[in-house]
Amino acid sequence: MNTLVSQPFRTLLWVMTAILALAYIPFASEYMLQYFTAAAPQWQNQVLAHAVSEDFAYGPGSIAATQHAHFINHRVAMLLHTVPGSLALLLCIAQFSTRLRQRYLNVHRLIGRMTMLLVLVSMLAGAVFLLQATPDQSRLGGFANTALLWGLDLTTLTAMVLAFVAICRKDIQAHRAFVILMFTMLTTTPLLRYGWLVVAWFVPTADQLTAQNLAAIFLVTAAPGFAMVALAMSDGFNRSMPATMMAPPLACWLTRLLPVVALVGMAVLCLRMNGMRTGYNMEIFIAQALPWALSWLVITALLRRARRLGQAASVQHLQVFSWSIALLPVGVNIGWSLFGLFMADSAEAYMTVAMLGAGGSMYIAYFWIVLHDATFWRRSTQQG
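Residues numbered from 1 in each chain as written. Predicted model: local features only at pLDDT ≥ 70, side-chain atom pairs only at ≥ 80, totals over all residues. Heavy atoms only, no water.

Engineer: Tell me what's going on with a positive patch on the surface, and back it up with residues and numbers.
Structural biologist: Positive charge collects at one region of the surface, where Arg256, Arg304, Arg305, Arg307 and Arg308 lie side by side. When residues of the positive patch are assigned to their parent elements, the largest contribution, four residues, is made by helix α13 (residues 281–309). Of note, arginine 307 is situated in helix α13. You can call arginine 307 partly exposed: its relative accessible area is 42%. (Patch = residues over 30% accessible without salt bridge, like charges linked within 9 Å, V, L, I, M, F, W, Y side chains within 5 Å. Areas by Shrake-Rupley, 256 points an atom, 1.4 Å probe, with all protein chains shown as cover. Salt bridge = Lys/Arg side-chain N within 4 Å of Asp/Glu carboxyl O. Lys, Arg positive; Asp, Glu negative; His and termini not counted. Charge placed at Lys NZ, Arg CZ, Asp CG, Glu CD. Helix = DSSP H or I, 4+ residues; strand = E, 2+ residues; numbered from the N terminus. Buried < 20%, exposed > 50% of the residue type's maximum accessible area, 1.4 Å probe, protein only.)

Engineer: Before we move on, could you go through the side chain of serine 234 and cite the residues and values that matter?
Structural biologist: Tracing the sequence through the fold places serine 234 in the loop between α11 (208–233) and α12 (248–273). Classification of serine 234 by relative accessible area gives buried; the value is 10%. In terms of polar contacts, serine 234 uses its side chain to reach the backbone carbonyl oxygen of leucine 231, at 2.6 Å. (Polar contact = N/O pair within 3.5 Å; in protein donor to acceptor, adjacent residues only side chain to side chain.)

Engineer: Any chance you could break down the packing of helix α15 (residues 328–340) against helix α16 (residues 346–356) for me, citing the residues and the numbers?
Structural biologist: Two quantities define a packed helix pair, namely the angle between the helix axes and the distance between the axes. As a packed pair, α15 and α16 sit with axes 8 Å apart at the nearest point and diverge in direction by 135°. Accordingly, the angle class assigned to the pair α15 and α16 is oblique. Our pair here, α15 against α16, has a crossing hand that is right-handed. Taken together, the residues of α16 that come into contact with α15 (itself represented by Val332, Gly335, Trp336, Phe339 and Gly340) are Ser346, Ala349, Tyr350, Thr352 and Val353. Class assignment for the residues of the contact of α15 with α16 results in six nonpolar, four polar and no charged. (Axes fitted to C-alpha atoms, helices over the stretch in contact; angles between N-to-C directions. Parallel < 35°, antiparallel > 145°, perpendicular 65-115°, else oblique. Left-handed = near helix turned anticlockwise from the far one by under 90°. Contact = heavy atoms within 4.5 Å. Nonpolar A, V, L, I, M, F, W, Y, C, P; charged D, E, K, R; others polar.)

Engineer: Residues and numbers for the packing of aromatic side chains, please.
Structural biologist: Per the counting criterion, the structure on display carries eight aromatic pairs. Considering the side-chain rings of tyrosine 31 and tyrosine 35, the 6.3 Å spacing of their centres and the 70° angle between planes classify their relative orientation as edge-to-face. The exposure classification of tyrosine 31 matches that of tyrosine 35, with both residues buried. An angle of 35° between the planes, with centres 6.0 Å apart, marks the rings of phenylalanine 71 and phenylalanine 129 as tilted. (Phe/Tyr/Trp six-rings, centres within 6.5 Å; stacked < 30°, edge-to-face > 60°.)

Engineer: So, the confidence of the model for the chain: which residues are in play, and what are the values?
Structural biologist: Low-confidence regions, as indicated by low pLDDT, have predicted coordinates that should not be scrutinised in detail. For the chain, per-residue confidence averages 84 on the pLDDT scale, and 89% of positions sit at 70 or higher. Here helix α18 (residues 375–383) stands out as the element of the chain with the lowest mean pLDDT, 52, in contrast to helix α8 (residues 105–132), whose mean of 93 is the highest. Segment residues 239–247: pLDDT under 50, and 26 contacts once partners within four positions in sequence are set aside and those in other chains are kept. Residue range residues 379–384 is modelled with pLDDT below 50. Its contacts to residues more than four positions away, or to other chains, number three contacts. (pLDDT = per-residue confidence, 0-100.)

Engineer: Give me the lowdown on a nonpolar patch on the surface, citing residues and values where you can.
Structural biologist: Among the surface-exposed residues, Leu33, Phe36, Val76, Leu80, Leu117, Leu120, Val121 and Leu124 lie close enough to one another that they form a single nonpolar patch of about 660 Å² accessible area. For the nonpolar patch, the secondary-structure elements that each account for two or more residues are α6 (75–94) and α8. With four residues, α8 is the largest single contributor of residues to the nonpolar patch. Considering the arrangement of structural elements, one finds leucine 124 in helix α8. A relative accessible area of 44% places leucine 124 in the partly exposed class.

Engineer: Break down α16 for me, citing the residues and quoting the values.
Structural biologist: Among the eleven residues in α16, nine count as buried, and that is most of the element. Of all the positions in α16, only Ala347, Glu348, Ala349, Tyr350, Met351, Thr352, Val353, Ala354 and Met355 are classed as buried.

Engineer: Describe unusual backbone geometry, and please don't skip the residues or the numbers.
Structural biologist: For glutamine 42, which is not a glycine, the phi torsion comes out positive at approximately 55°. For glutamine 42, the location among the structural elements is in the loop between α1 (7–30) and α2 (43–51). The backbone of lysine 170 shows a phi angle near 65°, a positive value even though the residue is not glycine. Structurally, lysine 170 is set in the loop between α9 (142–168) and α10 (172–202). Overall, the relative accessible area of 68% leaves lysine 170 in the exposed class.

Structural data, given as structure tokens:
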């Protein structure tokens, strides 16, 4: 049993996540039906119109207006993406129930197979849509949003494949870690919709596409942070992963140095963003910095608790997580400079980095920690 976080608190987080996901599933399941029949209810747009405004849901800056032609032309691919994806999200929630897994193992396995098949169909259909759709270059973030969707699609698909390979090779801990990452990626879709509402309430002048950009920038960093925290709270995080990755003296030195590097990187990023012509520079910076700060605080709190409990393995893994978070601002600055060499618009270059690679160091840390001691990975390496 994981002792970093109490069982009641873990249950509370699971229930809250389940409620948020379940509330979105009806909207995802019916969303594409409007492109097959005019009689479809359009619940998502109706909720946005009532919660924000008609212009937000249907106006010139809305997804309904700007993406209508794309959705009409590729409605079958999008239907195969949204419906299986929402069903996979529903089934995946049940997979984290310890009681179901222990009492009804065969049911757990059946649900797992169904979930992975649905994820496979959904992500392949999403890839088909992205291959056929042309990025909207007329607005800031058009190319960046397409890059973001590719990143989410491929990360979800990769996590699903690795989870499948791990369980086939009886590596339960690695399987669980990759299912956590897969589930986190699936939840970005409902969280993005909730993000529209939050942005609309705090930034009343933003249209839906601007809200999409701000919410996406937030979630790109928040999503791997959610996965890290969920992995740290899962059973077996300390027990099954020996602390063999870094010598303690070097680890302590890096832990003290990187926060300074992170703050300098964030300050440089803030100064560089002042020159962008977006109309929402401050809002974009907050969307970038807030999930970074929240992830840092939560991982730091778990790291201190692991030290008090004497969990050496958890300490070193959480240190790697904290380093990856601290390197985010530096990575965004470097990525922005590199993308700026190939993109004429500096703002679009930043948006692309912010949506595609802002959480890159965190994903690398997550995969590295899981794969470092995974038995299925060692087997395949030895056989190769």
